[in-house]
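Topology and contacts: notes
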Amino acid sequence: MKLPEYFEFHDRTKVIYGQGTIKQTGEEAQKLAGTKALVVTDQPIKKLGFADTAAASLDKSGIETALLIDDVPQDSDADMINDIAARAKAAGVDICIAVGGGSVIDTTKMSNLILSEGGDLLADHQGTFLQSRPLGPMIAVPTTAGTGSEVTFAAVIKSKAQNMKVSFVSHFFAPNTAILDPEVTLTLPPTLTAGTGMDAFTHAVESLHSLQSQPIADALAADAVRRIYEYLPKAVEDGSNIDARGQMLIASCIAGLAFSNALVGIVHGIAHSVGAIAGVPHGLANSIILPYGMEFNIDFCAERYAIAARAMGVPPSGDAMRDAGAAIDKTRELIAAVGLPTKLSEVGVREDQLDSIADLTLGDGTVFTNPRMVCDTDEVLEILKKAF
Amino acid sequence: MSEIFKDSEHFYSVLYPFFLKLRDDPKMGPAVFGSGLIVRFEYHDPEAEITIDCPNNEVIKGETDVKPVLTMTMKADVAHKFWLGKINLAMALVKRDIVSKGPMSAAMKLLPRIKGAYPMYNDYLVEIGMADARNA
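The rules we used
- Here the residue numbering is sequential within each chain, running from 1 through the sequence in written order.
- Just so you know, chain letters begin at A and ligand numbers begin at 1, following the order they were written in.
- Local features are withheld for residues below a pLDDT of 70 in this predicted model, meaning they are given only at 70 or higher, and side-chain atom pairs are given and counted only at 80 or more; totals for whole chains, interfaces and linings count all residues.
- Put simply, DSSP H or I for four residues or longer makes a helix, DSSP E for two residues or longer makes a strand, and each gets a number counted from the N terminus.
- Residues with at least 20 neighbouring C-beta atoms inside 10 Å of their own are called buried, those with 12 or fewer are called exposed, and the rest are partly exposed, where every C-beta is derived from the backbone.
- This entry defines residue contacts through backbone-placed C-beta atoms, with two residues in contact when those atoms are within 7 Å.
- Nonpolar cores are built from buried Ala, Val, Leu, Ile, Met, Phe, Trp, Tyr and Cys residues. These are joined into a set through C-beta atoms within 7 Å.
- Note that the domain bounds were set by an automatic or database domain assignment.
- Each residue gets one of three labels, nonpolar for Ala, Val, Leu, Ile, Met, Phe, Trp, Tyr, Cys and Pro, charged for Asp, Glu, Lys and Arg, and polar for the others, Gly among them.
- This arc corresponds to the set of directions leading from the helix axis out to the C-beta atoms.
- By definition, two strands form a pair when at least two bridges between them are found by DSSP.
- One less than the number of residues in a helix, times 1.5 Å, gives the span that helix is expected to have.
- Working convention: axes come from line fits to C-alpha atoms, limited for helices to the stretch in contact. Angles between N-to-C directions cover 0 to 180 degrees.
- Here a crossing is taken to be left-handed if its near helix is turned anticlockwise relative to the far helix by less than a right angle, and right-handed if that turn runs clockwise.
- Oblique is the label for any angle not covered by the other classes, which are roughly parallel (under 35 degrees), roughly antiparallel (over 145) and roughly perpendicular (65 to 115).

So, the overall build of chain B
A count of helices and strands for chain B gives six helices and five strands. Reading the secondary structure of chain B in the N-to-C direction produces α-α-β-β-β-β-α-α-β-α-α. Judged by the C-alpha coordinates and their principal axes, chain B covers about 35 × 35 × 30 Å. The buried share of chain B, reckoned over its 136 residues, is 34%. Taking as baseline every contact in chain B between residues at least 6 positions apart, the subset at least 24 positions apart corresponds to 70%.

Okay, here's the thing in structure tokens:
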């Protein structure tokens, strides 16, 4: 396989894995010289007591929870982030702690950006790799196994004004520390486990087919595909299976590292648009679009999908196209095994929304690294109509 | 130190007429200026600034009060390679060879349209007696 002419691999995050490690939050915050913490979570996680566990750990280490935000919605808006940062600044916060899923972690990343650098999120910080110096310290405790946001450089935030999801990317956005505690994912319901798990799977597959794919990310992505294919059905079937939960947390983190460096493609672009226009959760949208996106791309990256096929136990046939086809079949088997819908029409997307979804997708940064060049809406509609 | 441009004046003498050529081209003009965007290209080494004001069909040389939607900052030599089609944009962004400030969606609308200009720039360099610069 041909090597890229040039690549960079970045990883800024210390990763801690283990049962009960959420109780190390305070100790880790202390190592980062925190004294006053912003703790960000959402209502379901607050009710489960995980934010309190993290806050108790901070308290034990002599770190005050100066501000608790416990109402982060599924898609945070930029105004909310500006407001959180202003309140955090007033409270003297010097470390940010996220306890939650992707939206909570992304909200915390962007709050940390405004807290550290000031300004308005949309007016002053939209762009790619604009940030040129480290932000204040941040710790992430993911409570889902899907986004990988605890190690990624990106944050996706909803802009109500533009009615779209806006991506922010910088190596400096990655948290300093990620605490992977499988115990905090034990109560995740099966549908959410499946949707978030397929999000991680999509990260891995898309980092393999991305035009920015590279050997280190490939190795990580292939390992993530292998773990998810084996353990996601087990975690969905029996949520109390701590081994499967741990494997999924690790796979999600690994896939996060892979796609953060290799980037993704049109599957994510469409999923972002489906989320913005029809409100479909990101992981579920990715899961529905993925096999159709792979079929759309197969002629341009069969060798890349063959890597995924091998990771899912398909012996190499010597014919990359055949192996790539097997990867798509295995992907569909996985989706069926975890019981997720396979059509957009099943999750509330209306046919009259497809044109605007296609149009919005063309403006998504992920399209640029898709292996098959996408230049007009008809090409996106081709995928959408099949997935409808 | 630029390998291509002696100074800002030299840079403007090459790039500004090229932007005008782009605007007036029957195919590329509508494609790029039809984006409706205002994009500022900020160059350094040597320093220069060109703004394309698509809604007003204008190319502005030097500083201006026109407020851009998107600002792309890069070295003059990177710009030269960009118009030659020799830049991997995703990697250039990661390496901060090109810094894009503003909505990603705006950049994504513009970039596929710009790709058609690469052969034009190649031909243009020959026209103005800078054929050797194509090997940069």
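Here's the deal with the nonpolar core
Residues and elements named next belong to chain A. One finds Ile-97, Ala-204, Ala-224, Val-225, Ile-228 and Ala-258 to be the most contacted residues of the largest nonpolar core, which totals 172 residues. Broken down by element, the residue count for this core peaks at 17 residues, all from helix H11 (residues 282–311). Residues from two domains meet in this core; each of domain 1 (14–184) and domain 2 (190–387) gives at least three. Here Ala-204 is in contact with Ala-221, Ala-224, Val-225, Ile-228, Ala-255 and Ala-258, once residues within four sequence places are set aside.

Thoughts on the domain arrangement of chain A
Residues and elements named next belong to chain A. In terms of domain boundaries, chain A breaks down into domain 1 (14–184) and domain 2 (190–387). Taken together, the elements giving at least two residues each to the side of domain 1 that touches domain 2 come down to strand S1 (14–17), strand S7 (154–159), strand S8 (164–169) and strand S9 (177–180). Of the residues assigned to the side of domain 1 that touches domain 2, the class counts are 12 nonpolar, nine polar and three charged.

Some remarks on helix H3 (residues 50–60) of chain A
Residues separated by three or four positions in an α-helix point in the same direction, a consequence of the helix having 3.6 residues per turn. All names here are of chain A. Turning to H3, its buried residues number three or more, namely Phe-50, Ala-51, Ala-54, Ala-55, Ser-57 and Leu-58. Seen from one end, H3 has its buried residues packed into an arc of 160 degrees, which puts them on one side. The secondary structure elements touched by the buried residues of H3 are helix H1 (25–31), strand S2 (36–40), helix H2 (43–48), strand S3 (64–69), strand S4 (95–100) and strand S6 (138–142). At the C-terminal side of H3, Gly-62 shows a positive phi close to 80 degrees.

Focus: the interface of chain A and chain B
With 21 residues of chain A at the interface, the matching set in chain B holds 17 residues. The element that contributes the greatest number of residues to the side of chain A that touches chain B is S8(A), accounting for three residues. Residue composition of the side of chain A that touches chain B, grouped by class: 11 nonpolar, eight polar and two charged. By the bridge criterion, two bridges tie strand S5 (residues 127–128) of chain A to strand S5 (residues 98–101) of chain B in an arrangement that is antiparallel. Looking across to S5(B), one finds that A:Gly127 is bridged to B:Lys101.

Observations regarding the pairing of strand S4 (residues 70–75) of chain B
Residues and elements named next belong to chain B. Examined bridge by bridge, strand S1 (residues 38–44) and S4 share six bridges and lie parallel to one another. Note on S4: the bridge partner recorded for Arg-40 is Thr-71. One ladder, built from four bridges, connects S4 with S5; its direction is antiparallel. When the sheet's bridge partners are listed, Thr-71 is paired in S5 with Lys-101.

Points about the environment of A:Asp94
Residues and elements named next belong to chain A. Following the sequence through the fold, Asp-94 ends up in the loop between helix H4 (78–90) and S4. Considered as a pair, Asp-94 and Ala-37 are 57 residues apart in the sequence and their alpha carbons are 6.2 Å apart. Contact partners of Asp-94, with chain neighbours within four places excluded, come to Gly-34, Thr-35, Lys-36 and Gly-136.

Comments concerning helix H9 (residues 242–262) of chain A
Residues and elements named next belong to chain A. With 21 residues, H9 extends 30 Å between its outermost C-alpha atoms, agreeing within 8% with the 30 Å of an ideal straight helix rising 1.5 Å per residue. When you tally the buried positions in H9, you get 18 out of 21 residues, the bulk of the element. Following H9 by one or two positions, Leu-263 adopts a phi angle in the positive range, close to 70 degrees.

Observations concerning unusual backbone geometry
Between B:Asp45 and the following residue, B:Pro46, the backbone shows a cis peptide bond with an omega angle of 0 degrees. Following the sequence through the fold, B:Pro46 ends up in the loop between S1 and strand S2 (48–53). Of note in this structure, A:Leu263 is not a glycine but carries a positive phi near 70 degrees. As for its placement among the helices and strands, A:Leu263 is situated in the loop between H9 and helix H10 (266–278). The backbone phi angle of B:Asn57 is positive, close to 55 degrees, even though this residue is not glycine. Looking at the element boundaries, B:Asn57 is found in the loop between S2 and strand S3 (58–61).

Some words on the environment of A:Ala311
All names here are of chain A. When you line up the elements, Ala-311 lands in helix H11. Judged by the 23 C-beta atoms lying within 10 Å of it, Ala-311 is buried. As for Ala-311 and Arg-226, which are separated by 85 residues in sequence, their C-alpha atoms are 4.8 Å apart.

A word on the sheet that holds S2(A)
Residues and elements named next belong to chain A. Across the sheet, six strands lie side by side as S1-S9-S6-S4-S2-S3; this open sheet has parallel pairing. The sheet terminates laterally at S1 and S3, the two strands that pair on one side only. Geometrically, the sheet is characterised by an average inter-axis angle of 20 degrees between neighbouring strands, direction not taken into account. Where S2 lies against S3, five bridges are found, and the strand directions are parallel. Along S3, the bridge assignment pairs Val-40 with Ile-69. The sheet strands contacting H9 are S1, S6 and S9, and the helix crosses S9 at an angle near 155 degrees.

Points about the packing of H11(A) against helix H12 (residues 320–337) of chain A
Residue and element names in this part refer to chain A. One can describe the packing of H11 onto H12 by two numbers: an axis separation of 7 Å at closest approach and a directional angle of 145 degrees. For the element pair H11 and H12, the recorded crossing hand is right-handed. For the pair formed by H11 and H12, the contact residues are Ser-287, Leu-290, Pro-291, Met-294, Glu-295, Ile-298, Ala-302, Glu-303, Tyr-305, Ala-306, Ala-308 and Ala-309 on the first element and Ala-320, Met-321, Asp-323, Ala-324, Ala-326, Ala-327, Ile-328, Lys-330, Thr-331, Arg-332 and Ile-335 on the second. Taken together, the residues of the contact of H11 with H12 sort by class into 16 nonpolar, two polar and five charged.

Concerning the packing of helix H7 (residues 190–209) of chain A against helix H8 (residues 215–237) of chain A
All names here are of chain A. Interaxial distance between H7 and H8 falls to 9 Å at its minimum, and their mutual angle equals 160 degrees. Considering their axes alone, H7 and H8 lie roughly antiparallel with respect to each other. Considering the relative orientation of H7 and H8, their crossing is left-handed. Judged by residue contacts, Pro-190, Thr-193, Ala-194, Gly-197, Ala-200, Phe-201, Ala-204, Val-205, Ser-207 and Leu-208 of H7 engage Ala-217, Asp-218, Ala-221, Ala-224, Val-225, Ile-228, Leu-232, Ala-235 and Val-236 from H8. Residue composition of the contact of H7 with H8, by class: 15 nonpolar, three polar and one charged.

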